[in-house]
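Results of the structural survey
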Amino acid sequence: MTSPQLEFNRELLGKEFPSGTFHVEKEQILAYCQAVGETSPIYTDDEAARRAGYRSLVAPPGFSNLLVRATGRPNIGLKFSATTMHASQAVESFLPIQASDTLEARTRLKDVYAKTGRTGTMVFIVWETLFTNQEGKTVAAVSSSFVHRPRHPGT
Amino acid sequence: MAKENVRYFEDVELGEELGPLVKVPTTEAVRQFCSVWDPEVGASRFTDEATARKEGLPHALLPGIMNMSYLITLLTTWAPAGQVRKLDTVFRQPVPHNKSVRLVGIVTDKNVVDGENRVECDVSLQREDGEAMVTGKAVVILPSRESR
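Residues numbered from 1 in each chain as written. Chains lettered and ligands numbered in written order. Predicted model: local features only at pLDDT ≥ 70, side-chain atom pairs only at ≥ 80, totals over all residues.

Quick look at the overall build of chain B now. The secondary structure content of chain B amounts to three helices and five strands. Its helices and strands in sequence order give chain B the pattern β-α-α-α-β-β-β-β, from N to C terminus. Taken along the three principal axes of its C-alpha coordinates, chain B extends 55 × 30 × 25 Å. The proportion of buried residues among the 148 residues of chain B is 36%. (Helix = DSSP H or I, 4+ residues; strand = E, 2+ residues; numbered from the N terminus. Buried ≥ 20, exposed ≤ 12 C-beta atoms within 10 Å, placed from the backbone.)

Structure, rendered in structure tokens:
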């Protein structure tokens, strides 16, 4: 799917690199829940989470998206002047993330490809980040796709 | 959790509707969301009209991951005892601040895979006139009545 004419650092394709260590704070989970109106007890009430069998407050499934915002990604050196927009994102939760967990993130450049439509050529960059917890278990995967569209005069 | 609040796998029917859930993403809520990952929230396309316009956007917009978080609240409200296993979203249009959005969904499939009770749903975040700005597919794992 990768277009041969695109100019970027191809050595990064498929390569996985460490992209951050995160200590999950209870306050951060609660602030997240308050910002989006999440009210389910296991995400907002420590006692309810314990009664449901968890060690501590559980982070809602979208929480790993937030951590991805804080992960470092290398500059792939794409030669394409454009406006960047978030095109799509998928989050997958395998095990609950809980307060006081320590997560390691590993990120890889999954794909870079171009599509040409009515408005011209667009370039898509796809990243994938995996999170493992302090027990070495993979808890979540996040795939993010960004589209680079050419800027039109006047925009 | 009180048993009467639990949505069981056996009780879910194909075509069952989720929501609607209505939210008004105020500028303050967007700033609060951004501050969870960056306490020093500065001017960005998410928090500042002028910055957004400078970047060629029609207005300041909600972060894509905030839209996803809203869709997840639709799922957790529908099934508080369920686990959202996956949410795959496409951001079709920038979502503006301070205009109400409708969160809706529909059950499209249910099956048991590796002992897990999976319910698949199509979800969307819509403008008041019903046009979808964000669409997605979700998988939610629900408890079974048999394992009560």
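Once you've had a look at it, read on.
Residues of helix H1 (residues 27-37) of chain B that are buried: Val30, Phe33, Cys34 and Val36 of chain B. Viewed end-on, H1 of chain B has its buried residues packed into an arc of 145 degrees, placing them on one side of the element. Buried-residue contacts for H1 of chain B involve helix H1 (26-36) and helix H4 (63-70) of chain A together with helix H3 (64-78) of chain B. (Arc of directions from axis to C-beta. Contact = placed C-beta atoms within 7 Å.)

On to the interface of chain B and chain A, then. Opposite the 28 residues of chain B that make contact, chain A presents 29 residues. Secondary-structure elements contributing two or more residues to the side of chain B that touches chain A are H1, H3 and strand S2 (83-91) of chain B. Grouping the constituent residues of the side of chain B that touches chain A by class yields 15 nonpolar, eight polar and five charged. (Nonpolar A, V, L, I, M, F, W, Y, C, P; charged D, E, K, R; others polar.)

Moving on, we come to the environment of valine 58 of chain A. Residue and element names in this part refer to chain A. If you trace the backbone, valine 58 turns up in the loop between helix H3 (46-51) and H4. Residues valine 58 and glutamine 98, spaced 40 residues apart in sequence, show a C-alpha to C-alpha distance of 4.4 Å. Valine 58 has contacts with Ile42, Tyr43, Ala49, Pro96 and Gln98, leaving out every residue within four places of it along the chain.

Attention now goes to the nonpolar core. Counting 64 residues, the largest nonpolar core has Ile29 and Tyr32 of chain A together with Leu71, Leu75, Ala138 and Val140 of chain B as the members making the most contacts within it. Tallying contributions element by element places H3 of chain B first for this core, with nine residues. Beyond its immediate stretch of four places on either side in the chain, tyrosine 32 of chain A contacts Pro60, Phe63 and Leu66 of chain A together with Val36 of chain B. Counting residues in hydrophobic clusters, the runner-up holds five residues, among them Leu109, Val112, Val123 and Ile125 of chain A. (Core = buried A, V, L, I, M, F, W, Y, C linked by C-beta atoms within 7 Å.)

Our focus in this paragraph is the pairing of strand S3 (residues 102-117) of chain A. Two faces belong to every sheet, and in a regular strand the side chains alternate between them. Residue and element names in this part refer to chain A. In terms of strand pairing, strand S1 (residues 16-23) meets S3 through seven bridges, oriented antiparallel. Looking at S3, one finds that glycine 20 is bridged to alanine 105. Hairpin connection of S3 to strand S4 (residues 120-132): two residues between the antiparallel strands. (Pairing = 2+ DSSP bridges.)

With that settled, the discussion passes to the confidence of the model for chain A. Averaged over all residues, the pLDDT of chain A equals 90, while 94% of them reach at least 70. Within chain A, the element-level pLDDT minimum falls on H4 of chain A, averaging 90, and the maximum on strand S5 (residues 138-149) of chain A, averaging 95. (pLDDT = per-residue confidence, 0-100.)

This part is about the pairing of S5 of chain A. Residues and elements named next belong to chain A. Alignment of strand S2 (residues 83-93) against S5, held across ten bridges, turns out to be antiparallel. Residue pairing for S5: methionine 85 is matched across the bridge by valine 147. The pairing of S4 with S5 spans ten bridges and is antiparallel. Of the residues in S5, the one forming a bridge with valine 123 is histidine 148. Counting the residues between successive antiparallel strands, the hairpin from S4 to S5 contains five residues, one of them, glycine 136, with a positive phi of roughly 80 degrees.

Let us look at the sheet that holds S2 of chain A. The strand order across the open sheet built from ten strands is S1(A)-S3(A)-S4(A)-S5(A)-S2(A)-S2(B)-S5(B)-S4(B)-S3(B)-S1(B), with neighbouring strands paired in antiparallel fashion. Single-partner strands in this sheet number two, and they are S1 of chain A together with strand S1 (17-23) of chain B. Across the sheet, the mean angle separating the axes of adjacent strands is 20 degrees when strand polarity is ignored. With 13 bridges connecting them, S3 of chain A and S4 of chain A associate as antiparallel partners. Paired with threonine 116 of chain A across the bridge in S4 of chain A is threonine 121 of chain A. Sheet contacts for H4 of chain A: S1, S2, S3, S4 and S5 of chain A; angle to S5 of chain A, the most-contacted strand, approximately 60 degrees. Running at roughly 140 degrees to S2 of chain B, H3 of chain B makes contact with S2 of chain A together with S1, S2, strand S3 (101-113), strand S4 (116-126) and strand S5 (132-141) of chain B of the sheet. (Axes fitted to C-alpha atoms, helices over the stretch in contact; angles between N-to-C directions.)

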